[in-house]
Each structure stands twice: as structure tokens, then as C-alpha cells.
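Here's the letter readout for the chains.
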Amino acid sequence: MLCLLQFTRCTAREERNVPEQKKKKSIALPDPWTWVCRGRALINTMWVSKHLWAMIKKGRHGLFRSPLMCHPELQHRFLHCTCCRTSRIASADIDLLNPSQPCLDTKDAEPLDACYTPEQRAAILRVLNTASESELSSVKMLRGRKSSNIIEYRTRNGPFKDLHSVMNVPFLKQKTTAVVFNSILNPADRSERRKPKVQAVKFIKPQIERKRLEDASSVVSLVFGTNKIAWAHLERGRRVLEWQQKECDRFLRGAYQASVYLEDISPVVAKIPEADFFILEKPGISLQNTNLFPIMLHLRTVEAMLYSLLGVRFQQDGQQRVLSMARTAVGKHFELMVGECRTSGAELVRQLLSDSVMQKHPRVAFPQSMVVRYRNMFQLGARNHREEMCDALLQALAFYELLAGD
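Every chain's residues receive numbers from 1 upward, in the order its sequence appears when written. Note on the predicted model: pLDDT of at least 70 is required for a residue's local features to be given, and 80 or more for side-chain atom pairs to be given and counted; whole-chain, interface and lining totals, by contrast, use all residues. As a rule here, side-chain values come from all non-hydrogen atoms in the structure, and water together with hydrogens is ignored.

To keep things clear, this is the line we draw: UniProt positions are given in the numbering used here, feature names are shortened, and annotations may be inferred rather than shown by experiment.
Under the annotation held in an unreviewed UniProt entry, the chain carries the name Transcription elongation factor, mitochondrial and is attributed to Acipenser oxyrinchus oxyrinchus. According to the UniProt record, the Subcellular location (unreviewed entry) comment for the chain reads "Mitochondrion matrix, Mitochondrion nucleoid". Database annotation for the chain, UniProt heading Sequence similarities (unreviewed entry): "Belongs to the TEFM family."

**Things to note about the sheet that holds strand 7 (residues 277–282)**
What counts here: When DSSP locates at least two bridges between a pair of strands, those strands are taken to pair. Each helix corresponds to a stretch of at least 4 residues labelled H or I by DSSP, and each strand to a stretch of at least 2 residues labelled E; elements are numbered beginning at the N terminus.
Read from one edge to the other, the open sheet built from 6 strands follows the order 3-8-7-4-5-6, with strand pairing classed as mixed. The outermost strands of the open sheet, each flanked by one partner alone, are strand 3 (204–205) and strand 6 (240–247). Here strand 7 runs beside strand 8 (residues 322–326); their pairing, made up of 5 bridges, is parallel. Bridge pairing in strand 8 links Lys282 to Ala326.

**So, the nonpolar core**
A general trend in soluble globular proteins is that nonpolar side chains are found buried together. So the rule is basically this: To define a nonpolar core, start from buried Ala, Val, Leu, Ile, Met, Phe, Trp, Tyr and Cys residues and group those joined through side-chain atoms within 4.5 Å. A simple rule labels every residue: compare its accessible area, found with a 1.4 Å probe on the protein chains alone, to the largest value its type can have, and call it buried under 20%, exposed over 50%, or partly exposed in between. Working rule for contacts: check all heavy atoms of both residues, and any pair within 4.5 Å makes them a contact.
Formed by 42 residues in total, the largest nonpolar core has its most connected members in Trp243, Phe366 and Phe399. Those elements that place two or more of their residues in this core are strand 4 (218–224), strand 5 (228–235), strand 6, strand 7, strand 8, helix 14 (346–358), helix 15 (368–374) and helix 16 (387–404). It is helix 16 that provides the largest number of residues to this core, a total of 11 residues. Not counting the four nearest positions on each side in its chain, Phe399 is found in contact with Phe203, Ile204, Leu213, Val219, Ile279 and Met325. Membership of the second largest hydrophobic core comes to 22 residues, among which are Ile229, Trp231, Leu280 and Leu310.

**So, the side chain of Ser324**
Checked against the element boundaries, Ser324 lands in strand 8. For Ser324, the residues in contact, after removing those within four places along its chain, are Phe203, Ile204, Lys205, Leu280 and Lys282.

**With respect to the pattern of salt bridges**
Two side chains of opposite charge can pair, provided their charged atoms sit close to one another. Threshold: For this document, the term salt bridge refers to a Lys or Arg side-chain nitrogen within 4 Å of an Asp or Glu carboxyl oxygen.
Enumeration according to the criterion identifies 13 salt bridges in this entry. Across the pair Glu263 and Arg250 runs a salt bridge, and its minimum N-O distance is 2.7 Å. Separated by 13 residues along the polypeptide, Glu263 in helix 11 (residues 258–271) and Arg250 in the loop between strand 6 and helix 11 bring together distant segments of the chain. Here the residues in one salt-bridge network are Glu281, Arg327, Arg342 and Asp391, joined through shared partners.

Shown next, in the form of C-alpha cells:
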């Protein structure tokens, strides 16, 4: 019926909005197809209104009629039990409620004291009657207000005589007390569930516990290039123990065969001294630079060879001792980055050598023989600055300084 009234109003509104000339014209020249469409629409509207009225009469609410219980004033209200949270009583029967009578779900439940042996009951009561508030807070489900409520109950009513009396403490009901009792009897379950987080160092991969790195007495830093492998042995006191390089003439010549790399890298690994950790430089060449793909493939091959050979030779108790450090991390620490590229560190190494002789407490301490040997090797006019040796020393120094937070 509503749809029919709307249809009639729309038709009347359309006729009012039509000018007089158009009205006369439409009356004079009626369009048969227009009247046919209007007739069909009228029939469909009547059919829809008829069926909607029949659905409302039969009680099929849908979108047109809300059920009786949807009105708040007609709904039944209940009070839920604070003990089990499942049993309930109508608000109209609140006067009939007996506070001393247990709820429906706990009538047939087994008493708490019957669920534990005498030894277990004694252990639980000993903890609840003697533990301080901080010790009770460490028990599961007793954090915050519940632990202080137990202390207040003990002070006011004396120690607990049985397990059922624990339920008289506010916020402690049957299900909560069962969890508390099991946590007291099995304190190791909670510690096993929560494993302590390993305090790792961001600039070292893979992740190693920071305590292990801080306890390292010495490290060996290795840097490899297109035809050289350099290493620097530095102890925790920032004193250089060994610093040299080895040339590999067959690198990047011919096919990339594993046997060639193995023959060239094995003698280098045999000369590397013993240390707590071995740090390899992570190449900073991007995979998107296709022009440098042969160089990148060479560096990754050398890195994999050193990683495996050092791991086999210096393996100890199955612990990880071969680590990798990003080249960009060292460059950012010494401010050698220009955009995304790292510049040479030869001038910085030359300054470190000079400070080792001139200052009382230098940043890095070099042996006298090493200063004499390498003092002219890193001059600005030198042909070969030995970039691999510079990078190896700076990487070892950056490891200790970043670890110490200098």
C-alpha cells in the first residue's frame, strides 16, 4: 500500500510540473506505450504491497518488523554469577536468592581440598600464608590487586586453614584459585613458557648474544677484493696484534671454478691466527647493478669459501664464530660515506698510525715495528694504498667501538 501511494503521488507531481501546453498536447495525443508501462508498474506495485502485508501478518519480521525481544523494555534481565559466570537468575527473582547457597555450576563440583594430596595442600597453604606481596605477584593470576587482597585477608582473618577459604578473598573464585594452585605447585611451567629475549647487536649478522661479543678478547677482521685478501688481528684493548694481506693472482681470471678458489683461499686461511670471532666484510654491491655482476659473483664466492673454511677450522662447541659486518656500517661510523658510496679510508689509517706514535692514549695502538713497516705505505702519493688492509683495520676498530657505544 505504501508503494502504491508513492506511485500515485509521483504521478500527480509529474502532472503538476508539466506546463499547460504539454498537458494539452499529451491529452490530445496520448502515447499508448506510456500507458502500457504505467499499467505494468501499477500491477507490480500492487503485487509487492500485497505480499509484504502477508509477510507482516504471518510474523516474518525481516526488515519491516522487529521481533518482540528486540525492545529493551520487553526483554528479560538476568544477574550472572560472579563465581562461574554461567549460571544466572532473573532480576525479578532477586528476593528469592539465597547468598549462602552455592551456584548451580558449583553444586556438583568437587571441593578444592579434595583435588590435591595432603602434601600439595600443605605446600600451597605455606606459600599463601608466608609469601610477601612481591613474591605473590610472581605467581600466575596473582598480579596487581589480588596479591594485596591476600595480604589484607591474612592480616584481618589470620592464615588460611584450607584451600576452600582462599575463595573468600575478593577476585579469587574457583577457576582462578585452581590456576593459582597449579602455578604454585609447578613454578617452572611459566619460566619455560617465556624464553628470555636475546640482546643482539644490529650491525653483526647472524645475531649473536651481546654478552658473548663483549667477552671476546680478540677478533680477526677479513676484507677481500678482486685479487687480495687482507686481515687485521685486534684485541679488546685496541692493540693491533697482526696486520697483513695476501695476493691471489688467479682471481677473476678464466672460468669461475670452485677448485681455483679453494687452492687460493686455503693457504690464506692457514695463516689466519686464532681469535674469538672472525668478521667478514659484507660486500655493498647492489644486485640491480648488472654491469658489476661478475665482480659481485666473485666477492660472494670468496665470502662463502672463507665462511666455510674458517667455520671448519675454528669450530668450537658448535657455537657461531664467523660473522659478517656490512661495509656501509663501517663507512657510516667513520664518516666515509658520500651518498650511497664509501670513500677510501687510507687517510684515516695514516692518521691512526701517526697518533699511535705521537699520543699517549691513541685510538689504536700499533707495535713499533709495524709503524716503521707501514708508515710510508699509506701516503697520499703512494701507488698502492692497500685499500683492503685499510678496510680490514677499520672494520675491526669499528666492531669494538660500536659494541662499546663510543
